[in-house]
Each structure stands twice: as C-alpha cells, then as structure tokens.
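# Fold and contact review
Listed here are the chains, written in short residue letters.
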Amino acid sequence: MTHRVRLAGRETVFEVSPDETVLQAGLRHHLALPFGCQSGGCASCRVRKLEGLVEYPFPPPGLSAAEVEAGYILMCLARPRSDLLLDLHQPPQLDALRPRQLPCRVQSRTWLAHDVLGLSLKLPRGSASAGAFTWMPGQYIDLLLDDGRRRSFSLANAPQVDATNPTLELHIRVAPGGRFAQWAAHEMPERAILRFEGPLGAFYLRDDAARPTVMVAGGTGIAPIHAMLEALTRDACERRVYLYWGVRAQRDLYLHERLTQWSRRHAWLRYVPVLSEPEPGWDGATGLVHEAVLRAHPVLRGFAAYLSGPPAMVRAGKQAFAAAGLDADHLFYDSFDYAHETWPGMA
Ligand SMILES: Cc1cc2nc3c(=O)[nH]c(=O)nc-3n(C[C@H](O)[C@H](O)[C@H](O)COP(=O)(O)OP(=O)(O)OC[C@H]3O[C@@H](n4cnc5c(N)ncnc54)[C@H](O)[C@@H]3O)c2cc1C
Ligand code: FES
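Note that this is a predicted model, so its numbers are computed, not measured.

This part takes up the site of ligand 1. For ligand 1, the set of nearby residues contains 22 residues, the closest of which are Arg 151, Ser 152, His 171, Pro 176 and Phe 180. Contact distances for ligand 1 include 2.5 Å between an oxygen atom and a side-chain N or O atom of Arg 151. Between ligand 1 and Arg 173 there is a distance of 2.8 Å, counted from an oxygen atom to a backbone nitrogen or oxygen. Against a free-state accessible area of 960 Å², the protein chains account for coverage of 73% of ligand 1. No other element matches the 4 residues that strand β11 (residues 150–154) contributes to the shell around ligand 1. In terms of domain composition, the shell around ligand 1 takes at least three residues from each of domain 2 (96–200) and domain 3 (213–335).

Laid out in structure tokens, this is it:
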C-alpha cells in the first residue's frame, strides 16, 4: 500500500510505494534529504518521526538506544506502515544548497602530516557556477572518480566571505590500500581536473549557541570541525566550545598550532588534544577521546555535541554521551565510513 509522508513545518508531501524506503521515495521526488551509506550504518539520514509507524528489515544499526527512544528513524531503511509526519530538523537555508555536480581544479597538494594530504580545489576560472557554489561549514563533498566510484571528504574550511570563486580545502588520510588517497598522493597530475558533487550532509552548526558545546574529532575528523571553528572565529561567538581532538601521537596533530592560537585568542574556545599512543614526555590528555571528554564533563545534560571521525569513535561517543545525559536532539555527527563501491540510486 502507498503511504504519504509529510515534513513538519513545510508544505512538502510525498508518496512512498510499497517497494520503497522513505529515502528512496524522497530522492525520487527530488527532495534535498541528508544521507550517506544507504545501508543503516552512518545515520546521516536520521530524522525524527512525529507520527506514524515504520518497519525495518533489521534493527537500524546506526541508531543508539537513546535515539530510538527519542523517536529517530533511519530513512534509508525505514518503510512506512502508515502515513508519516517527519521532522527533518534542518534549517531552511539548507534547501537552497542543493547538491550539484561540478568540475574543479587541484590548485595545490601538500602533506599536512605524515599520512594526511591537504588538497586545495578551485572551480575553473570563468565557470558560470563558480560564484554560486557555497556550503555550510561542516558539510562534505563526494569526489566522482572516473570509474563511477565516489569518495566522501569534508570541506575543511568555511566559505570565504564574498568570494566569487571559493577555495575548497580537503584533508585526506592516506591509508595503505586507500585507492583514491594513494592515487592523489602519488600519481595525480599537477593541476588535475576532478569532478565532485556537493554540498552534502547534515553536519553543520545548529542554532544552539546558548548551550555549551563539545566538539569531538578523531584524526581527519578535525576537518569539518575546523571549518565550523573558522566560521565561529570570524564573528563574535557567543557559544562556549570545548574542542577535543583525538589522534595517535603528537606527529598527527597537524593543526595543533592553529588550534592553540585560536584558543589563546578566543576566550570562548578551550582546546584539548588527546593522544591514544603518547610518547614519553607528553603531559597532556591521553586515552580514548570520548573518555577524555567525560573526565572533564561527566554530566552532559544541557550540552550540544558535534562528533566527527572514525565510525568506532562516533559510535562510542554517541553511546557514552547519551549515558551522561546528552539529549539526542542536540547530538550531531559525521561518521567517516569507508566508501561503498556502488551507490544505488545515485546513478
Ligand atoms: C561524510 C564523510 C566525510 C568524510 N570525510 C573525510 C575527510 O574529511 N577526510 C578523510 O580522510 N576521510 C573522510 N571520510 C572517509 C573517506 O571517505 C573514506 O575513508 C574513503 O574510503 C577514503 O577513500 P580511499 O579511496 O582513499 O580509500 P579506500 O580505497 O576506500 O580505503 C581506505 C582504507 O580503508 C580500508 N578499508 C576500506 N574499507 C574497509 C572496511 N570496510 N573495513 C576496514 N578497512 C577498510 C582500506 O584498506 C584502506 O586502508 C569521510 C567519509 C564520510 C562518509
Ligand atoms: S544513509 Fe541511512 S544510515 Fe547511512
């Protein structure tokens, strides 16, 4: 049976056929819905169900018990069993940022750390679309590879104010066996032309400045958080931010100097690097990054939290923070899942 889905606070209504998930139907209706893995793991497609019933082929792996309790569903797995009312929980300005496929040129390529490559991308000069491309700090793009594969990377910078042709910065972890990253590091021609789709994702700062905010990054998970902080440092920031950056060793702290400077210059920012494999002589925080957060803030009721980085870190942080009283409505995350080699519905 076909069911109708309404989005709270909007005029949008769409129909879901019996053989479709909510996400498939929404995309078929050309709606700008957040999603990532399309297989229940990353929870990028998380929305709150206000009314109605859904069913899943299996329990949604990307949702914590606290999120299920709070009424969240995963659109990529959920099939309606009645008409639904959903709260998309995203600001109207995101509707104007519909993802587009565009070319870009690699302007520079630098090693930021022993295994992190920085890429600066520019839309080609004179491109009619250059001035129009923008994003919300925290969002990501998908690089579109020649063989049809995609690779997701967060935009590590905030859009430049008044830029007619913004620079897009990426921080790419060059893992052994990483197909795109190894190619980009060792084989990509100078000034290569790439294609990307963006802006994507629902990881951006919400209008919740009154809440003290914990930002937690693992490895290159600092990229989208760096973009958010860059935007915050430009204006008078009214938000108290506690930034925790977890990496293995000191050599991985490739933004340490800048983050230290920002925290000295801005009273609203506290920065805590956390090493899981510290060298002798390190007198800072150690261990798992979410545990370092909880040592300093054992009760997170009233806080907002933004997490990005490896899936295991995001999963552990979500669970531990919910147990510490964090409200699921104020928990936002980007789980850096590995690329899926085929992306159904995106062709
Ligand atoms: C929303 C989002 C934003 C992201 N942003 C960033 C970012 O800013 N920076 C960044 O570095 N990464 C980011 N990622 C992660 C990145 O997209 C993936 O790691 C991607 O797979 C890298 O592509 P690659 O071709 O270099 O490596 P791949 O060929 O995809 O492989 C990467 C590494 O992972 C290993 N691997 C692959 N699949 C698995 C698996 N299932 N289990 C265990 N190991 C596996 C490979 O052997 C290799 O070592 C993001 C991911 C998402 C979903
Ligand atoms: S897109 Fe639904 S969980 Fe990843």
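Moving on, we get to the packing of helix α6 (residues 289–296) against helix α7 (residues 311–323). Here α6 crosses α7 at 25 degrees, and the two axes come no closer than 9 Å. The angle between α6 and α7 places the two elements in the roughly parallel class. Here α6 runs over α7; the crossing is right-handed. Where α6 abuts α7, its residues Val 289, His 290, Val 293 and Leu 294 lie against Met 313, Ala 316, Gly 317, Ala 320 and Phe 321. Of the residues in the contact of α6 with α7, the class split is 7 nonpolar, 2 polar and no charged.

Moving on, we get to the environment of Ala 156. With respect to the helices and strands, the residue Ala 156 is situated in the loop between β11 and β12 (167–173). Note on Ala 156: relative accessible area 1%, which makes it buried. Distance from Ala 156 to Gly 118, taken between C-alpha atoms, is 9.4 Å for residues 38 residues apart in sequence. Contacts of Ala 156, omitting those with residues within four sequence positions, involve Glu 169, His 171, Ala 223, His 226 and Ala 227.

This paragraph deals with the domain arrangement of the protein. Here the domain parsing of the protein yields domain 1 (3–89), domain 2 (96–200) and domain 3 (213–335). On a C-alpha basis, the centroid separation for the pair domain 1 and domain 3 is 29 Å. Listed as interface residues are 12 residues of domain 1 and, on the opposing side, 9 residues of domain 3. Across the domain 1/domain 3 interface, buried area totals approximately 810 Å², and carbon plus sulfur atoms make up 47% of it. Together, Cys 42, Arg 46 and Ser 64 form the three largest contributors to the area buried by domain 1 at its contact with domain 3, with a combined 38%. Applying the counting rule to domain 1 against domain 3 returns 2 salt bridges. In this structure, Glu 67 and Lys 318 form a salt bridge, with 3.1 Å as the shortest nitrogen-oxygen distance. On inspection of domain 1 and its partner domain 3, the count reaches 7 residue pairs in polar contact (both at pLDDT 80 or more). Every element with two or more residues in the side of domain 1 that touches domain 3 is listed here: β3 (46–51) and α2 (65–69). By residue class, the composition of the side of domain 1 that touches domain 3 is 6 nonpolar, 3 polar and 3 charged.

Conventions and cut-offs
- Residues numbered from 1 in each chain as written.
- Chains lettered and ligands numbered in written order.
- Predicted model: local features only at pLDDT ≥ 70, side-chain atom pairs only at ≥ 80, totals over all residues.
- Heavy atoms only, no water.
- Near = heavy atom within 4 Å.
- Polar contact = N/O pair within 3.5 Å; in protein donor to acceptor, adjacent residues only side chain to side chain.
- Areas by Shrake-Rupley, 256 points an atom, 1.4 Å probe, with all protein chains shown as cover.
- Helix = DSSP H or I, 4+ residues; strand = E, 2+ residues; numbered from the N terminus.
- Domains from an automatic or database assignment.
- Axes fitted to C-alpha atoms, helices over the stretch in contact; angles between N-to-C directions.
- Parallel < 35°, antiparallel > 145°, perpendicular 65-115°, else oblique.
- Left-handed = near helix turned anticlockwise from the far one by under 90°.
- Contact = heavy atoms within 4.5 Å.
- Nonpolar A, V, L, I, M, F, W, Y, C, P; charged D, E, K, R; others polar.
- Buried < 20%, exposed > 50% of the residue type's maximum accessible area, 1.4 Å probe, protein only.
- Buried area = accessible area lost by both parts, 1.4 Å probe.
- Salt bridge = Lys/Arg side-chain N within 4 Å of Asp/Glu carboxyl O.

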